[in-house]
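# Analysis of the macromolecular model
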Amino acid sequence: MPSYTIARGLNEALRKAMERDPKVLVMGEDVGKLGGVFRVTDGLQKDFGEDRVIDTPLGESGIVGTAIGLAMRGYRPVCEIQFDGFVYPAFDQIVSQLAKVHYRSRGQVRLPVTIRIPYGGGIGAVEHHSESPEAYFAHTAGLRVVTCSNAVDAYFMLQQAVASDDPVIFLEPKRRYWEKAEVDPAMTPDPLHVARVVRGGRDVTIAAYGPMVKVAMDAATAAQDDGHDLEVIDLRTLAPLDMTTVLDSVRRTGRLVVVHEAAVSHGIGAEVAARATEDAFYSLQAPVLRVGGMDTPYPPSRLEEEYLPNLDRVLDAVDRSLAY
Amino acid sequence: MTLGDDGGPAVPPDRSGSSELVQLLTPEGERVDHPDYAVDLSPEEYRSLYRDLVLVRRVDLEATALQRQGELGIWASLLGQEAAQVGSGRALRPDDMAFPTYREHGVAWCRGVDPLRLLGLFRGVSHGGWDPKDNNFNLYTIVIGSQTLHATGYAMGVQKDGSESAVIAYFGDGASSQGDVNEAFVWASVFNAPIVFFCQNNQWAISEPQEKQSRIPLYRRALGFGFPGVRVDGNDVLACLAATRAALEAARTGQGPTLIEAFTYRMGAHTTSDDPTRYRLASELEAWKLRDPIERMKAYLSRNGMADAAFFEAVDREADELAAHVRSGCLTMPDPSPLTIFDNVYVEQTPGLERQRREFGAYLESFEEVSH
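Residues numbered from 1 in each chain as written. Chains lettered and ligands numbered in written order. Predicted model: local features only at pLDDT ≥ 70, side-chain atom pairs only at ≥ 80, totals over all residues.

### Overview of the overall build of chain B
To keep it simple, the criterion reads: The numbering of helices and of strands both runs from the N terminus, where a helix is a DSSP run of H or I of at least 4 residues and a strand a run of E of at least 2. Exposure classes come from backbone-placed C-beta atoms, where a residue is buried if 20 or more other C-beta atoms lie within 10 Å of its own, exposed if 12 or fewer do, and partly exposed in between. For every residue pair, C-beta atoms are placed from the backbone, and the pair is scored as a contact if these atoms sit within 7 Å.
Counting its secondary structure elements, chain B contains 13 helices and seven strands. Overall size of chain B, expressed as C-alpha extent along the three principal axes, is 75 × 50 × 40 Å. When the 372 residues of chain B are sorted by exposure, 48% land in the buried category. When contacts within chain B are restricted to residue pairs at least 6 apart in sequence, long-range pairs at least 24 apart make up 77% of them.

### Some thoughts on the overall build of chain A
Formally: What the globule rule says is 2.2 Å times the number of residues to the power 0.38, and the radius of gyration is computed from C-alpha atoms.
Counting its regular elements, chain A contains twelve helices and 14 strands. The C-alpha atoms of chain A give a radius of gyration of 19 Å, which matches the 20 Å a tight globule of 324 residues would have. Counting only C-alpha atoms, chain A reaches 60 × 40 × 40 Å along its principal axes. In chain A, of all internal contacts separated by at least 6 residues, the share reaching a separation of at least 24 is 79%.

### Concerning the interface of chain A and chain B
We apply this condition: Side-chain classes follow a simple rule in which Ala, Val, Leu, Ile, Met, Phe, Trp, Tyr, Cys and Pro form the nonpolar group, Asp, Glu, Lys and Arg form the charged group, and the remainder, Gly included, forms the polar group.
Of the residues lining the interface, 33 residues belong to chain A; the matching set on chain B comes to 34 residues. Elements with a contribution of two residues or more to the side of chain A that touches chain B: helix H3 (60-72), helix H4 (91-98) and helix H5 (101-104) of chain A. By residue number, the principal contributor to the side of chain A that touches chain B is H3(A), which donates nine residues. A class-by-class count of the residues in the side of chain A that touches chain B yields ten nonpolar, 15 polar and eight charged.

### Considering the sheet that holds strand E1 (residues 97-99) of chain B
Residues and elements named next belong to chain B. This is how the line gets drawn: A strand pair is defined by DSSP finding two or more bridges across the two strands. Orientation is described by axes fitted as lines to C-alpha atoms, over the contacting stretch for helices, and by angles from 0 to 180 degrees between their N-to-C directions.
The strand order E1-E2-E3-E7-E6 describes an open sheet built from five strands, whose pairing is parallel. Unpaired on one side and paired on the other, E1 and strand E6 (229-233) mark the two borders of the sheet. Averaged over all pairs of adjacent strands, the angle between their axes in this sheet comes to 20 degrees, without regard to strand direction. With six bridges joining them, strand E2 (residues 167-172) and strand E3 (residues 195-201) adopt parallel strand pairing. The residue bridging Ile168 from the neighbouring strand is Val196, located in E3.

### Considering the environment of A:Leu111
Structurally, A:Leu111 is set in the loop between H5 and strand E5 (114-119). Note: C-alpha distance between A:Leu111 and A:Met72 (39 residues apart in sequence) is 6.6 Å.

### Some points on the packing of helix H1 (residues 6-20) of chain A against helix H7 (residues 151-163) of chain A
Packed helix pairs are specified by the crossing angle of their axes together with the interaxial distance, meaning the distance between the axes. Residues and elements named next belong to chain A. Quick note on the threshold: Geometric relationships in this document are graded by angle, where less than 35 degrees denotes roughly parallel, more than 145 denotes roughly antiparallel, 65 to 115 denotes roughly perpendicular, and other angles denote oblique. A crossing counts as left-handed when the near helix is turned anticlockwise from the far one by less than a right angle, and as right-handed when that turn is clockwise.
Where H1 contacts H7, the axes come no closer than 8 Å and their chain directions differ by 30 degrees. When the axis of H1 is compared with that of H7, the two are roughly parallel. As for how H1 packs across H7, the hand of that crossing is right-handed. When H1 is examined against H7, the residues Ile6, Gly9, Leu10, Glu12, Ala13, Leu14, Lys16 and Ala17 are found in contact with a partner set consisting of Ala151, Ala154, Tyr155, Leu158, Gln159 and Val162.

### Topic: the sheet that holds strand E14 (residues 289-293) of chain A
Residue and element names in this part refer to chain A. Taken together, the five strands give an open sheet; going across it, the order is E9-E11-E10-E13-E14, and neighbouring strands pair in mixed fashion. Two strands bound the open sheet, and with one partner strand each, they are strand E9 (196-199) and E14. On average, each strand axis in the sheet is inclined to that of its neighbour by 25 degrees, with strand direction left out of account. Of the strands in this sheet, strand E10 (204-208), strand E13 (256-263) and E14 are in contact with helix H10 (residues 268-279), which crosses E13 at around 155 degrees.

### A word on the domain arrangement of chain A
Residue and element names in this part refer to chain A. The following threshold applies: Domain start and end points were adopted from an automatic or database domain assignment.
For chain A, the assigned domains read domain 1 (3-182) and domain 2 (196-322). Inter-centroid distance (C-alpha atoms) of domain 1 to domain 2 is 26 Å. Those elements that provide at least two residues to the side of domain 1 that touches domain 2 are helix H6 (134-138), strand E6 (144-147) and strand E7 (168-173). Per element, the largest residue contribution to the side of domain 1 that touches domain 2 is four residues, and it comes from E6. Classifying every residue of the side of domain 1 that touches domain 2 gives eight nonpolar, eight polar and six charged.

### Observations regarding the pairing of E10(A)
Residues and elements named next belong to chain A. Where we set the bar: The handedness of a crossover follows from its direction of travel: if, with the strands pointing away from the viewer, the path from the first strand over the helix to the second runs clockwise, the crossover is right-handed.
With five of its five residues buried, E10 lies for the most part within the structure. The alternating pattern of E10 places Val204, Ile206 and Ala208 on one face and Thr205 and Ala207 on the opposite face, and all of these are buried. Handedness of the crossover is the feature at issue here: the chain leaves E10, passes through helix H8 (residues 212-225), returns alongside strand E11 (residues 230-234), and the resulting connection is right-handed. The sheet contact formed by E10 and E13 spans four bridges and is parallel. Residue pairing in the sheet places Ile206 in a bridge with Val257 of E13.

### A closer look at the domain arrangement of chain B
Size of an interface: often given as the accessible area lost when the parts come together. You can read the domains of chain B as domain 1 (43-336) and domain 2 (341-371). Using only C-alpha atoms to locate each centre, domain 1 of chain B and domain 2 of chain B end up separated by 39 Å.

### Structural notes on the packing of H3(A) against helix H7 (residues 179-190) of chain B
Two numbers describe how H3(A) lies on H7(B): the axes approach to 9 Å, and their chain directions differ by 75 degrees. Classified by the angle between their axes, H3(A) and H7(B) sit roughly perpendicular to one another. Facing A:Ser61, A:Gly62, A:Gly65 and A:Thr66 of H3(A), the residues of H7(B) in contact are B:Gly179, B:Asp180, B:Glu183, B:Val186 and B:Trp187. Of the residues contributing to the contact of H3(A) with H7(B), the split by class is two nonpolar, five polar and two charged.

### A word on helix H9 (residues 237-252) of chain B
Residues and elements named next belong to chain B. Let me state the cut-off plainly: Expected span, for any helix, means 1.5 Å times one less than how many residues it has.
In this model H9 runs 22 Å from its N-terminal to its C-terminal C-alpha over 16 residues, within 8% of the 22 Å that 1.5 Å per residue would give. When you tally the buried positions in H9, you get 14 out of 16 residues, the bulk of the element. Backbone geometry just downstream of H9 places Gly254 in the positive-phi region, at approximately 80 degrees.

### Things to note about the confidence of the model for chain B
For the record, the criterion: Every residue carries a pLDDT, the predictor's confidence in it, which falls somewhere between 0 and 100.
This prediction gives chain B a mean pLDDT of 94; 94% of its residues lie at or above 70. In the model, residues 1-19 of chain B has pLDDT below 50 throughout and makes 25 contacts with residues more than four positions away in sequence or in other chains.

### Focus: unusual backbone geometry
All names here are of chain A. Along the chain, Ala239 connects to Pro240 via a cis peptide bond; the corresponding omega equals -5 degrees. Here Pro240 lies in the loop between strand E12 (237-239) and helix H9 (243-253). Unusually for a residue other than glycine, Arg39 sits at a positive phi of about 65 degrees. Unusually for a residue other than glycine, Arg106 sits at a positive phi of about 50 degrees.

### Some points on the pairing of strand E4 (residues 76-80) of chain A
Residues and elements named next belong to chain A. Most of E4 is tucked away, with five of its five residues classed as buried. Neither face of E4 is exposed, since Arg76, Val78 and Glu80 on one face and Pro77 and Cys79 on the opposite face are all buried. Bridge count between strand E2 (residues 24-28) and E4: five bridges; the pairing is parallel. Looking across to E4, one finds that Val24 is bridged to Arg76.

So this is what it looks like as structure tokens:
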């Protein structure tokens, strides 16, 4: 069984998708000869040619806007946005066009476009290279928003995203790109839009996604020493949210802590908390707590360890939840 | 941009220093020659261009009237731009693809789209809802400029398919300031995409005159992006037809994009919600009325014995019949049912939306039970 990093898992997924469907294109800045700044598209242009792996001019709106046109022509483009903070020039095309054309056309035009975005902090980068824009997209009807936390999901979820006939925002946890896992290409993967319990536990449910799943797992290991048995859920899909898995867990544990890098206010955690309150109110023994970034711009990198949720902040929230 | 006399690839005409306007038919209805552009049509074809001009103006006037009577929420009139739209629209082949803004009613007509499809959007029963493949006419796009990138991507797809179709992207003088339009120029240029950018410079972006958008004539922007630009008399249907045909042919034969600036005039308001008396002089409109696209074609046909009074009357009658179709179709257009709000957000409905739909349906039914 091959051992892949997340970056390699994504690379193999793109390769598979391109082999399977000649209409699949890869496009973005530096995705060709260079193989992408994170090497996720490494070797693809060599094997599939410049016609299918396209180095584009440096304009994000242009990348997404032309991908929409290519999809209208019957292609299945996978766009790479080089860094999270550079997706905003394409925001209008994503929100006003990509997300809405199917609705506008009353279902007659499908836009199977995948937009890959390396996101999140923790790599000591300069401004605009560490952001978590997921809530903007999850708030937009017509988009699907997913994120992987490990190489197995990277490999399968990206293939599923490319196969989706709806537009998909595919968020890649950039600080975990080089973490490895064994990937069995022959296994049957979970469907794209389900969350997964990655660690069973009785006392508190921790819901996390992307780069924070590892933090949540580390917290669960540490909590054992205090005699607390944490259940960890990898949400995987942010739009649509799979609340079934979360609610099942909350009905057992009675306590829920949501963890993400993005600022807490108006974030994914707020939505998960609201839904848990609406649908599992009598199961809750404590308010749903959120652990996330502060409501500030992403700070200079010398401060990012303070900004980013870590094991201690997750455990602190666990203690507060259990204290109710 | 056109093929040279010897059939080889032609050098773009040198337009670097001039702001010459390609014109084949003067405002007085006289044919004039141009060294680079020509049309040689049969009398039947000339008459049919005139017919289209009259019909699209009549539909437009009817839609404006329907808005005034409260039947449409808003209407964006094409009044004055008929020649630019019919000339370019008639230059297209069936397999070419058009990407309109929200004012291309004349192009829609040339593509065979029933005007009622357009009215549905302005009445508020849909956001468009037609299938672009039916007539190779994309959905109306309201964010000015967005569609130029879609058109460029589509053209890149045409190129990948090895097809000999071309693509035309419509936009206006206001949209020329949009980043998307400029990115579309970059993409089309570096990928040598088979596309024609057709800019209807109608002089006004709501209240802002063209000098708020550009210090140089818009067609000259193209040179900076590396492809030819040409300014045509946008009220001259023959010039618009000739220039668009040539640009489409260039696109089809691997010569890449062309920018056509159709120099025209928005004779009406920006939309029915606008009041142009606040920002422009009535005398300007009067001056442009002398360059009316329909009158000059009528004069040309009459003067050259290609049409008589009976023909003009027949066209007017046909226009009235079309207007009646538009009116009755608009008045009988059903409102969509409330639960269709939830349709087609996704190709595959999500569980969350399914639940919202169910709950909203139950909420609506609760009122019905009360009323019984």
